[in-house]
Each structure stands twice: as C-alpha cells, then as structure tokens.
Amino acid sequence: MSHSILLLPGDGIGPEVVQQARRVLEHVADKHGLSIELAEGDLGGIAIDRQGAAYPDATRALARQADAILLGAVGGPKWDSLPPAERAERGLLAIRADLDLFANLRPAILFPQLASASSLKAELVAGLDILIVRELTGGIYFGEPRGIRERDDGEREGFNTYIYRESEIERIAALAFELAAKRGGRLTSVDKANVLEVTMLWREVVERVAQNHPDVALDHIYVDNAAMQLVRAPKQFDVLVTGNIFGDILSDTAAMLTGSIGMLPSASLNEQSRGLYEPVHGSAPDIAGQNKANPLATILSVAMMLRYSLDAPAAADDIEAAVSAVLDDGLRTGDIAEAGASIVGTVEMGDAVIAALN
Ligand code: IPM
Ligand code: MG
C-alpha cells in the first residue's frame, strides 16, 4: 500500500526545513521499504501570493485525499497588514478546521545532549518528557461572534468568544486519558475555572471522562499556576490537556525548556488519525533563506507522522535515533549552540541526519 503525503512548505523558513525533512523521509522510506507518494501544495502567505487565498481550493483538494501532511510554517511581515480574515495564519486555522484536526500533540522531550541549552538549570530539566495535548479546532480561536466593531460612542472594540461544547471537551479529554495511560499514567487538566465559565464546564466534563479511566491519576491546575510550574519544576508533569489558547501559550514555554523551539515536533490528528505534522516553531522571517534554521523539529515531525499516521514505528525510531546521534556528534544549528561552539547550517544538519541513518 502506498501512502500519499502532502508537503506544505509555507512561508519563511518553512521551505528550507521541509526540504531537509523531505530528504530524510525519502531516505527512511527507502530503507524501510515504505512506499510513499509525495505531492506539494501552497498554504499561508505563499498561497495568498500565488493563488489569492491562504487555503486555496487546490490545496484543500490535495489535503482531503492525503494520508498525512507535513507543514513547514506560515505567516510573515509581508501579510501582517492584511485584514484579519485574510491573513496567512488563517490558512493554517482553515486546514485544521477543514480536516477536523482537533487533537494537537506537542511533546517536550529534552535530548540530554542539550541540557545546557535549556533556559532552566540542567538539573530541573534533565530527563524531561512531557506531552501537551492541545484542543485545536475550538475555543476562542474559532468562537463566534468575533470581530472589531464601532460602539455607539464611536470608540472601536475588539471581541472574541471563548466557547466549548461538551462533546468537544469530551473527545480531547478521552484522547488525553488514553495517551496518559500509555505513558506515566498521570494527566493534568489546565483551566481557569476560578474565573471563566467555559472552563468550569471543561473541568466538569474532564472529571466525567475520568470515570472511564481509573488507571490514570487526574489533577487540575489553573493556567497561571501551570505557567509558573512549567518553569519552576516541569518534571512534575506527565501529560497536560488544555484548550486551544492555553495550549498555544504553554506549548511555547514547554518548548523552550528543551533548549530550543527548533527541536519540537507536533502532530495534529482527527478522529481517523489522519494527521498534519509540523514543527512548533514559526516562520522565523528574520533568518529565512539564510541556511540558518534548525530542521530537526521538522525531521522529528516526520518521525511522528511515521508513528501516528503511517503505522511505521520502526522507521520513526530510526529517525529519532539518528537525530540523537547527530547531537552526540556535537552538530548544532545556531539556536542550540553554546557560546563559542561551531555552527552548522540547515542543509548540513539534514546531511548529517541522513548520514546517521546509514
Ligand atoms: C501554533 C501557532 C499558530 C497558533 C499560529 C501560527 C496561527 O502559534 O501552531 O502554535 O496560534 O495555533
Ligand atoms: Mg503557537
């Protein structure tokens, strides 16, 4: 059986990191006898420039029939002044909604070789392995009404709606419990139930889902405290489950604990485990096109794709071992290099991973 994989390089550093991840994917597919067919499409700013929409029809058609999607990054200063509904980022939100990719898995795992690159003391992060499960197709990101309007007194106001249905909370909670049961057996649900009704309901529904999972120890934490605990004692956590916006914020924090946001992969899955895989970092327009970006988060996203959508765990393990070997050899892009260390470029890092696979 052949797997059809759609590449969406996107904007900024997206194309260069996806290029390296593509080489790794082709290599590992060859090595493990996996048959893959690659297609490429436009998403984000580049799609606005070439096709007049951030998630154009042609991309939608490709995305709907792909078994898995690998995305680089979207957005950049060139499109920041467009009206809100036409911005590059809306392409990413649109594809998440279109494919119902409600579950965003963001593991924050510290490679021991990078302990000193973490913004925290090495002993606080040594062995760190946490998983953030972020609801991705609801909450304040998608709630209606939304907009910027003029009040009767002539002053403008912006407004969004933070809303979750019980069924939306239930399905992300159920998945988080399943994942926690396969890991350390602990789940922390993050909310702001002391203030926001929507998260009071969140907490109640998570409690209800917990009845089906006596094997998992559940606790609840307010988001402000979660932010503090992540930088105080991050190893207390196993799996964190939370809504769209809290997950957006906390996953960037968790990423930095591991040394660099340039190291973190993610998977966005729907109920059929079809998925979109992307690095957690953004489009980094300041370094785009300069062969400076760290391709490892995108390469590790390919490993997640092999594991979750293509049922090829051995190939996934192989990529993760190759990344670890490359770090053992001391190769560093600028974002993970210690002062004075020698730095390799995006392409050289891709070359090294491929060499390590051999
Ligand atoms: C992320 C990004 C996106 C988000 C942006 C680019 C729309 O920050 O994937 O975390 O907010 O979800
Ligand atoms: Mg984000």
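Details of the structure are given in the entry above.
Note that this is a predicted model, so its numbers are computed, not measured.

A. Up close: the packing of helix H8 (residues 223-232) against helix H9 (residues 244-257). Contact geometry of H8 with H9 gives a least axis separation of 10 Å together with a crossing angle of 10°. In this view, H8 runs roughly parallel relative to H9, as classed from their interaxial angle. When H8 is examined against H9, the residues Val223, Ala226, Ala227, Leu230 and Val231 are found in contact with a partner set consisting of Phe246, Leu250, Thr253 and Leu257.

B. Just the environment of Thr258, in detail. With respect to the helices and strands, the residue Thr258 is situated in the loop between H9 and strand S11 (265-269). Using a relative accessible area of 1% as the deciding quantity, one classes Thr258 as buried. As for Thr258 and Glu166, which are separated by 92 residues in sequence, their C-alpha atoms are 34 Å apart. Apart from the residues lying within four places of it in its own chain, the contact partners of Thr258 are Ala108, Ile109, Leu110, Leu114, Leu128, Met263 and Leu264. A distance of 2.6 Å separates a polar atom in the side chain of Thr258 from the backbone oxygen of Ala255.

C. Representation of the sheet that holds strand S9 (residues 217-222) within the structure. The sheet built from 10 strands is open, its strands ordered S2-S1-S3-S12-S11-S4-S5-S10-S8-S9 with mixed pairing. Of all the strands in the sheet, the pair left with one neighbour each is strand S2 (35-40) and S9. Here the strands of the sheet are splayed against their neighbours by 25° on average, with no regard to which way each runs. Here strand S4 (residues 103-109) runs beside S11; their pairing, made up of 3 bridges, is antiparallel. In the sheet register, Asn104 faces S11, and the bridge partner there is Ser268. On the sheet, helix H3 (residues 57-65) packs against strand S1 (2-10), S2 and strand S3 (68-73) and is oriented at approximately 145° with respect to S1.

D. Focus on the site of ligand 1. Around ligand 1, the structure places Glu89, Arg96, Arg106, Arg134, Tyr141 and Asp248. For ligand 1, an oxygen atom lies 2.8 Å from a polar atom in the side chain of Arg106. The side chain of Arg134 places a nitrogen or oxygen atom 2.9 Å from an oxygen atom of ligand 1. Surface burial for ligand 1 is 77%, taken as the share of its 320 Å² of free accessible area covered by protein chains. A class-by-class count of the residues in the shell around ligand 1 yields 1 nonpolar, no polar and 5 charged.

The rules we used
Every chain is numbered independently, its residues counted from 1 as its sequence is written. Ligands are numbered from 1 and chains lettered from A, in the order in which they are written. Where local features are concerned, this predicted model is filtered to residues with pLDDT of at least 70; where side-chain atom pairs are given and counted, the filter is 80 or more; whole-chain, interface and lining totals use all residues. Only hydrogens and water are removed before side-chain values are computed, so all heavy atoms of the structure are retained for them. Note on geometry: axes are lines fitted to C-alpha atoms, helical ones only across the stretch in contact, with angles between N-to-C directions running from 0 to 180 degrees. Numbering goes from the N terminus for both helices and strands, where a helix is a DSSP run of H or I of at least four residues and a strand is a run of E of at least two. When describing relative orientation, an angle under 35 degrees is termed roughly parallel and one over 145 degrees roughly antiparallel, while 65 to 115 degrees is termed roughly perpendicular and anything else oblique. Any two residues having at least one pair of non-hydrogen atoms within 4.5 Å are treated as being in contact. Each residue gets one of three labels from its accessible area relative to the maximum for its type: buried under 20%, exposed over 50%, partly exposed in between, using a 1.4 Å probe on protein chains only. Counting of polar contacts relies on pairs of N or O atoms within 3.5 Å, with two restrictions inside protein: one atom must be capable of donating a hydrogen and the other of accepting it, and residues adjacent in sequence are counted only when both atoms are side-chain atoms. Any two strands with at least two DSSP-identified bridges between them are counted as paired. Nearness here has a simple test: a residue counts as near a molecule or strand if at least one of its heavy atoms is within 4 Å of that partner. Methods summary: accessible areas were calculated by the Shrake-Rupley approach with a probe of 1.4 Å, and residue burial reflects only the protein chains presented. The nonpolar class holds Ala, Val, Leu, Ile, Met, Phe, Trp, Tyr, Cys and Pro. Asp, Glu, Lys and Arg form the charged class, and all remaining residues, Gly among them, are polar.

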